[in-house]
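Chains, contacts and geometry: an overview
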Amino acid sequence: MKILYFAWLRERIGLSEEDVDIPPEVTTISALTDFLSARSPAHTRAFADRRAIKTALDQRFVPPDTLLEGAREIAFFPPFTGG
Amino acid sequence: MTDRSMPRIVVTTEDIDVGAELAALEAGAGAVASFVGVVRGEAGGRRLTSLILEHYPAMTEASLAEIAKTAANRWQLTGCTIIHRVGELTPGARIVLAAAASAHRADALAATAFLIDWLKTDAPFWKRENFADGTSHWVSARDEDQEARNRW
């Protein structure tokens, strides 16, 4: 699965994207966040404040309990600050 | 929208020609309203040297189009334009243009305010401020922006 990071998440993890094999027991956005945060100390630091992180599944904003089934691209980012 | 099936949505590194964009909305309209966002020279009392605008390319235009569609469903519009710049911008540079055209001013003005309020919370852009003292930080989302969005 393609994982994307934006803004300070990208900087803290040191990657804008990575391809990750997701184990079958990881079925929700929330479980995926736990799984990714264990990948490296940088990931752990980046994901430390879960409330400050939003998620999009295949370019649609989704809540943490959303199922991953069939997803191709998951993006993690802080709340938007454009305009 | 009566005479335009699609809103004009642009994400660009180039400057925005506000005059030309607004003139293009005049056809068939009785009122054109607009909002232009400009990079300030300071933030929190510190001098700003530049602003970096990051975005999520695969999601950005669709998000802006969705916001424009919502506006078109709520007000009688003859046209609607959202242009947002990305990349590095210096103080005085235009960041965003949101504009709406209608037969009468009330719909054009309300739709314009709606477009910019929703853009701030619902479109995938992030700002990083670079200061004259060499420091730099990501702008935090503001509760007031969420409240402004939710009033519509």
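Fair warning: this is a prediction, and the values are worked out from it, not measured in the lab.

Bringing the pattern of salt bridges into the picture now. Side chains carrying opposite charge are able to pair once their charged atoms draw close together. Residues and elements named next belong to chain B. Taken as a whole, this structure holds 14 salt bridges over all chains when the rule is applied. Here Glu21 ties to Arg8 by a salt bridge, and the two come within 2.8 Å at their closest N and O atoms. Here Arg8 lies in strand E1 (residues 8-12) and Glu21 lies in helix H1 (residues 18-25), a separation of 13 residues in the sequence. A residue is classified by how much of its surface remains accessible, and Glu21, at 11% relative accessible area, is buried. Relative accessible area serves as the criterion here: at 39%, Arg8 is assigned to the partly exposed category. The closest approach of N and O atoms between Arg46 and Asp133, which form a salt bridge, is 3.2 Å. Of the two residues, Arg46 sits in strand E4 (residues 46-55) while Asp133 sits in the loop between strand E8 (125-131) and strand E9 (136-138), which places them 87 residues apart along the sequence.

Quick look at the packing of helix H3 (residues 105-122) of chain B against helix H4 (residues 143-150) of chain B now. All names here are of chain B. Running from N to C, H3 and H4 point in directions that differ by 130 degrees, and their axes come no closer than 8 Å. Between H3 and H4, the crossing angle belongs to the class labelled oblique. The two elements H3 and H4 meet at a crossing, and its hand is left-handed. When H3 is examined against H4, the residues Asp117, Trp118, Lys120, Thr121 and Asp122 are found in contact with a partner set consisting of Asp145, Gln146, Ala148 and Arg149. When grouped by side-chain class, the residues that make up the contact of H3 with H4 number 2 nonpolar, 2 polar and 5 charged.

Let us now look at the pairing of strand E7 (residues 94-102) of chain B. Regular strands have side chains that alternate between both faces of the sheet. Residue and element names in this part refer to chain B. Taking burial as the measure, the 9 residues of E7 include 8 buried ones, the bulk of the element. As paired elements, strand E2 (residues 31-38) and E7 share 8 bridges and run antiparallel to each other. Bridging across to E7, Ala33 finds its partner in Ala100. Inspection of the sheet shows strand E5 (residues 79-85) paired to E7 by 6 bridges, in the antiparallel sense. Paired with His84 across the bridge in E7 is Val96.

Our focus in this paragraph is the sheet that holds strand E4 (residues 60-62) of chain A. Residue and element names in this part refer to chain A. What the 5 strands build is an open sheet, ordered E2-E1-E5-E3-E4; its pairing is mixed. The open sheet has two free edges, formed respectively by strand E2 (17-19) and E4, since each of these has just one partner strand. Strand-to-strand twist in this sheet, taken as the mean axis angle between neighbours without regard to direction, amounts to 25 degrees. By the bridge criterion, 3 bridges tie strand E3 (residues 54-57) to E4 in an arrangement that is antiparallel. What sits directly across from Leu57, in E4, is Arg60. The sheet strands contacting helix H2 (residues 29-37) are strand E1 (2-5), E3, E4 and strand E5 (73-77), and the helix crosses E5 at an angle near 70 degrees.

The next point concerns the nonpolar core. Most often, soluble globular proteins have nonpolar side chains that are buried together. Within the largest apolar cluster, 32 residues are counted, with the highest numbers of intra-cluster contacts made by Leu64 and Leu115 of chain B. The element contributing the most residues to this core is H3 of chain B, with 7 residues. Residue contacts for Leu64 of chain B: discarding those within four places in its chain leaves Ile9, Val11, Ile82, Leu119, Ala123 and Phe125 of chain B. Core analysis: the second largest hydrophobic core is formed by 31 residues, Val20, Phe47, Val62 and Phe77 of chain A among them.

The next point concerns the interface of chain B and chain A. Contact residues are listed per partner, giving 25 residues for chain B and 19 residues for chain A. When chain B packs against chain A, the two sides together hide about 1,700 Å² of surface, and 60% of this comes from carbon and sulfur. In this assembly, chain B and chain A are joined by 2 salt bridges. Salt-bridge contacts for Arg128 of chain B lead to Glu11 of chain A; the nearest nitrogen and oxygen are separated by 2.4 Å. Across the contact surface, chain B and chain A share 13 residue pairs in polar contact (both at pLDDT 80 or more). Mapped by element, the contributors of at least two residues to the side of chain B that touches chain A are E4, helix H2 (57-74), E7, H3 and E8 of chain B. Broken down by element, the side of chain B that touches chain A gets its largest block of residues, 5 residues, from H3 of chain B.

Thresholds, definitions, all that
- Residues numbered from 1 in each chain as written.
- Chains lettered and ligands numbered in written order.
- Predicted model: local features only at pLDDT ≥ 70, side-chain atom pairs only at ≥ 80, totals over all residues.
- Heavy atoms only, no water.
- Salt bridge = Lys/Arg side-chain N within 4 Å of Asp/Glu carboxyl O.
- Helix = DSSP H or I, 4+ residues; strand = E, 2+ residues; numbered from the N terminus.
- Buried < 20%, exposed > 50% of the residue type's maximum accessible area, 1.4 Å probe, protein only.
- Axes fitted to C-alpha atoms, helices over the stretch in contact; angles between N-to-C directions.
- Parallel < 35°, antiparallel > 145°, perpendicular 65-115°, else oblique.
- Left-handed = near helix turned anticlockwise from the far one by under 90°.
- Contact = heavy atoms within 4.5 Å.
- Nonpolar A, V, L, I, M, F, W, Y, C, P; charged D, E, K, R; others polar.
- Pairing = 2+ DSSP bridges.
- Core = buried A, V, L, I, M, F, W, Y, C linked by side-chain atoms within 4.5 Å.
- Buried area = accessible area lost by both parts, 1.4 Å probe.
- Polar contact = N/O pair within 3.5 Å; in protein donor to acceptor, adjacent residues only side chain to side chain.

Scope: geometric values only; no functional claims are made or implied.
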